[in-house]
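Chain by chain, the residues:
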Amino acid sequence: MEVEAYVGETDLASHARFGRTPRNAVMFGPPGIAYVYLVYGMHDCLNIVTEPPGTAAAVLVRAVEPLEGADAMREARLRRLGRRKRLDDGAIARDRDRLARLPTERLASGPGLVCAAFDIDRSMTGVDLCDPSSALRVEPRGPGDPEPLIVAGPRVGVAYAGEGWAHRPWRLAVAHSPSVSGPPLGG
DNA sequence: AGTTGGATGGTCT
DNA sequence: GACCATCCAACTG
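Below you will find a few notes about this structure.

Criteria and thresholds
- Residues numbered from 1 in each chain as written.
- Chains lettered and ligands numbered in written order.
- Predicted model: local features only at pLDDT ≥ 70, side-chain atom pairs only at ≥ 80, totals over all residues.
- Heavy atoms only, no water.
- Near = heavy atom within 4 Å.
- Polar contact = N/O pair within 3.5 Å; in protein donor to acceptor, adjacent residues only side chain to side chain.
- Helix = DSSP H or I, 4+ residues; strand = E, 2+ residues; numbered from the N terminus.
- Nonpolar A, V, L, I, M, F, W, Y, C, P; charged D, E, K, R; others polar.

### Focus: the protein's contact with DNA strand C
Thought 1: Taken together, 22 residues form the shell around DNA strand C, and within it Tyr37, His43, Asn47, Arg77 and Tyr160 come nearest.
Thought 2: The sugar-phosphate share of atoms of DNA strand C within 4 Å of the protein amounts to 60%.
Thought 3: Contact between DNA strand C and proline 111: a phosphate oxygen at 3.2 Å from a main-chain N or O atom of the residue.
Thought 4: In this structure, a phosphate oxygen belonging to DNA strand C sits 2.9 Å away from a main-chain N or O atom of glycine 112.
Thought 5: Secondary structure elements with two or more residues in the surface near DNA strand C: strand S2 (34-39), strand S3 (43-49), strand S4 (58-63), helix H2 (89-101) and helix H3 (111-118).
Thought 6: If you tally residues by element for the surface near DNA strand C, the top one is H3, at 3 residues.
Thought 7: In terms of residue class, the surface near DNA strand C is made up of 11 nonpolar, 7 polar and 4 charged.

Here you go:
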């Protein structure tokens, strides 16, 4: 499990840095709501709005450790790959084989991969992730589960934000989790 | 095992 | 018209 915090309009790494726009409007609303955007023309990324209305903060879900549903995640990722423009039968077979070999803990180990594995796209923006009846939701840790140790490091891919913001340790992950993305972080 | 570059389209100045 | 809160294949050694 791995997330990144984006703390408001003053955070020059955040989509909220331009103020309220059509894309980021949901960030200015109530917390617990999904904000899904498209990066690099092909990858969806899931955020959870985290602060009361008026404060445009959110958490980017960068990686998740699958506890169940691995087969469904493999199917969802294969379907998403199927939307690529060139798809001959050989390429599809190769994708299926690669996904079958991919360890379960790596099925959602990246922000784009989380959305591919859970079949999340921009149409999910606005969904209430705290409503137990939502198809997509977050749930509290089980009563028997121990509180995990959290490690922190700089956020990924935000060099454009400049010295003041780029290396703040707002990338957070469960220590020793097999399901994290990108560069290792301290701990 | 580490590096490089292509894919691909929405968003903002 | 530039820039991405990315992923993966195809190289190098």
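Moving on from the coordinates now.
### Notes on the environment of asparagine 24
Thought 1: With respect to the helices and strands, the residue asparagine 24 is situated in the loop between strand S1 (2-6) and S2.
Thought 2: When the C-alpha positions of asparagine 24 and tyrosine 35 are compared, they lie 7.6 Å apart, and in sequence the two are 11 residues distant.
Thought 3: At 2.9 Å, the side chain of asparagine 24 forms a polar contact with the backbone oxygen of histidine 15.

### Quick word on the protein's contact with DNA strand B
Thought 1: In the vicinity of DNA strand B lie 9 residues, with Phe18, Thr21, Arg23, Tyr40 and Met42 positioned nearest.
Thought 2: Backbone atoms, meaning sugar and phosphate, make up 68% of the atoms of DNA strand B lying within 4 Å of the protein.
Thought 3: Here a base oxygen of DNA strand B sits 2.3 Å away from a polar atom, N or O, in the main chain of tyrosine 40.
Thought 4: Here a base nitrogen of DNA strand B sits 3.3 Å away from a polar atom, N or O, in the main chain of glycine 41.
Thought 5: Residue classes in the surface near DNA strand B are distributed as 4 nonpolar, 2 polar and 3 charged.

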